[in-house]
Protein chains: 2
Amino acid sequence: MSTPLHVGLIQMEISPETQTNIDTLEAKAEALCNDPRRPQLIIGVEFGIAPHHIEDPEGPAMQRLSRLAARLGVWLVPGSLKLAEPGGGFSNAAPVFAPDGRLAGTYKKMVPWDTDLEKGTLPGRDYLVFDIEKPQVRFGLQICFDADFPEISRTLTLMGAEVLIQLSMDPDSIPDSYQHIKYARAIENQAYYIYMNGACDYGHYHLAGGSLVVSPEGQRIFEAGERPTATIVSLDLDRLRHCRAAGSWDQVAQLQALYDHAPSQPLAGNEQAGALFQRPPFGGTQK
Amino acid sequence: MSTPLHVGLIQMEISPETQTNIDTLEAKAEALCNDPRRPQLIIGVEFGIAPHHIEDPEGPAMQRLSRLAARLGVWLVPGSLKLAEPGGGFSNAAPVFAPDGRLAGTYKKMVPWDTDLEKGTLPGRDYLVFDIEKPQVRFGLQICFDADFPEISRTLTLMGAEVLIQLSMDPDSIPDSYQHIKYARAIENQAYYIYMNGACDYGHYHLAGGSLVVSPEGQRIFEAGERPTATIVSLDLDRLRHCRAAGSWDQVAQLQALYDHAPSQPLAGNEQAGALFQRPPFGGTQK
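Criteria and cut-off values
Residues numbered from 1 in each chain as written. Chains lettered and ligands numbered in written order. Predicted model: local features only at pLDDT ≥ 70, side-chain atom pairs only at ≥ 80, totals over all residues. Heavy atoms only, no water. Pairing = 2+ DSSP bridges. Helix = DSSP H or I, 4+ residues; strand = E, 2+ residues; numbered from the N terminus. Axes fitted to C-alpha atoms, helices over the stretch in contact; angles between N-to-C directions. Salt bridge = Lys/Arg side-chain N within 4 Å of Asp/Glu carboxyl O. Buried < 20%, exposed > 50% of the residue type's maximum accessible area, 1.4 Å probe, protein only. Contact = heavy atoms within 4.5 Å.

- Chain A appears in an unreviewed UniProt entry as Nitrilase/cyanide hydratase and apolipoprotein N-acyltransferase from Desulfohalobium retbaense.

Following this line, the structure appears as structure tokens:
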């Protein structure tokens with residue numbers, strides 16, 4: 001493994017209290033940074049920071065997280081929070097802090113769950129990729145239900161992302177079959193795929209844990225159990241780049257084939273015009 | 001199961017000889033049609049008809065298949081063949097015959113494997129969906145490597161396909177992890193997914209069988225072993241339509257969310273302009 005990327009994963013228990021969550025994150029992140037394989041990036045879970053209260057973009061939670069990244073000198077994707085939007089309402093937002101404490105970007109969930117919408121979540125409109133310099137690698141960020149739409153992972157990949165991150169808070173009532181989605185996103189994009197989930201009782205749900213890291217060829221690198229855990233996973237960027245450039249096993253370089261053939265997508269960006277929605281059971285008038 | 005669709009699956013051994021293959025298909029299709037659950041559609045495998053010789057669109061192989069569909073009174077996707085193209089060369093083509101023997105369409109593989117390209121296969125440009133009237137249902141057809149590109153299954157879905165069919169001849173050297181792709185295509189499109197593979201020694205390969213049918217919620221309905229087999233699988237179209245319209249289990253109606261949110265895809269149809277291809281290991285100059 002000639003170019004390792006060490007990623008700290010914090011499969012967190014989530015408290016209703018923002019301060020409690022940041023305390024938990026801080027203790028676990030600090031412990032990970034004391035490991036000999038000091039991580040370049042640490043990742044939390046969806047709503048791991050502020051699941052209830054609406055936080056201000058300049059408020060104390062964001063400031064504490066910025067200071068934490070700077071104190072540890074690490075890239076930090078602490079998890080998402082309800083973030084106040086300028087025009088009112090809030091988004092499900094995942095900030096990214098650089099090792100100097102700078103806010104490098106904030107991703108806002110593009111496809112909120114239906115119950116999120118009912119509670120007032122505003123959907124995001126913008127994709128987010130961010131780069132680490134040493135080792136040089138580009139990440140793409142998405143939240144939970146976003147991942148069910150291959151268009152989002154693909155767009156992040158075409159923007160150059162080599163590691164796709166999904167922050168979730170999935171209950172154990174989600175069918176096991178949905179794990180296939182994570183493997184497929186890795187394989188079809190020849191990207192490392194990092195799926196992070198919460199692990200605790202939460203309201204009437206039990207967040208199922210099972211955070212997962214998949215290689216660009218669809219191999220399981222790491223899978224957490226159902227309890228809270230923090231660990232470091234090392235990814236081989238040379239392997240990823242070889243896979244993308246030259247293929248591997250019985251596979252060709254899929255992204256090269258995408259480049260060469262670029263199958264036409266007459267309905268992309270114009271989904272509502274699809275025949276699917278022009279007839280029962282759709283018709284575009286439900287809800 | 002109030003609206004069943006009976007599909008005959010012929011996981012075929014493939015001979016180098018076209019006549020032998022059609023003889024095999026004919027015997028198995030006839031047996032399936034004598035089953036009490038008489039299938040409305042019968043499906044073969046990639047290159048199950050003519051793996052070596054280049055067939056003429058009006059030639060004897062196509063005429064025999066047309067007569068077979070008419071004699072059995074069944075929709076027939078017999079598998080693919082090397083089909084001569086008007087300007088020279090050939091495509092990897094899958095004809096669709098209606099129960100009156102009419103050629104309802106021919107799908108040509110859009111993303112040929114790299115070794116296919118070296119041998120002269122021309123890529124197809126057009127999507128193919130086709131409808132059965134009783135029970136009313138729309139199918140989308142793709143061949144092997146096409147399925148690794150979620151754009152193709154998605155386009156077929158937006159064209160109204162409710163059952164996605166993939167014809168393959170995958171060797172056993174393909175990693176097990178690639179089965180995830182089939183489940184993901186079913187879930188993300190809330191479609192039945194039918195994967196058909198050959199089952200035999202073939203050149204220096206062993207075609208692995210393992211033909212698979214997955215429900216719109218990602219449940220395995222049927223999975224074949226590694227030997228040739230012919231069977232009938234019954235799909236519940238009401239279940240599919242309920243899943244699409246109202247969701248199921250802990251899932252929402254994903255396609256409705258696609259309609260409502262239609263995440264922007266700034267690079268769709270313009271893949272080569274992606275940042276991915278502007279830097280190592282790509283750059284758009286390989287091959």
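## Looking at the sheet that holds strand 8 (residues 163-167) of chain B
Residues and elements named next belong to chain B.
Consideration 1: Across the sheet, six strands lie side by side as 6-7-8-9-12-13; this open sheet has mixed pairing. At either margin of the open sheet sits one strand with a lone partner, and together these are strand 6 (129-132) and strand 13 (220-223). Strand-to-strand, the axes of this sheet are offset by a mean angle of 15°, without reference to chain direction.
Consideration 2: Where strand 9 (residues 192-196) and strand 12 (residues 212-214) come together, three bridges link them in antiparallel fashion. The partner of Tyr193 across the bridge, within strand 12, is Val214.

## So, the pattern of salt bridges
Consideration 1: In total, this model carries 32 salt bridges over all chains according to the counting rule given.
Consideration 2: Between Arg64 of chain A and Asp23 of chain A there is a salt bridge, with its nearest N and O atoms 2.9 Å apart. Highlighted residues: Arg64 of chain A in helix 2 (residues 60-72) and Asp23 of chain A in helix 1 (residues 18-33), separated in sequence by 41 residues.
Consideration 3: The exposure class assigned to Arg64 of chain A is buried, which follows from its relative accessible area of 18%.
Consideration 4: Among the residues examined, Asp23 of chain A registers a relative accessible area of 45% and is labelled partly exposed.
Consideration 5: Across the pair Glu223 of chain B and Arg220 of chain B runs a salt bridge, and its minimum N-O distance is 2.7 Å.
Consideration 6: If you follow the salt bridges from partner to partner, you end up with Asp23, Glu26, Glu30, Arg64 and Arg71 of chain A in one network.

## A look at the side chain of Glu85 of chain B
Residues and elements named next belong to chain B.
Consideration 1: By the secondary structure assignment, Glu85 is in the loop between strand 3 (75-84) and strand 4 (90-97).
Consideration 2: With a relative accessible area of 18%, Glu85 lands in the buried category.
Consideration 3: In contact with Glu85, not counting residues within four places along its chain, are Phe90, Ser91, Lys108 and Leu122.

## As for unusual backbone geometry
Consideration 1: Look at the link from Lys134 of chain A to Pro135 of chain A: it is a cis peptide, with omega at -5°.
Consideration 2: If you trace the backbone, Pro135 of chain A turns up in the loop between strand 6 (129-132) and strand 7 (137-143).
Consideration 3: The backbone of Ala262 of chain B sits at a positive phi, close to 35°, despite the residue not being glycine.
Consideration 4: Inspection of the secondary structure puts Ala262 of chain B in the segment after helix 7 (254-261).
Consideration 5: Residue classification places Ala262 of chain B among the buried residues on the basis of a relative accessible area of 18%.

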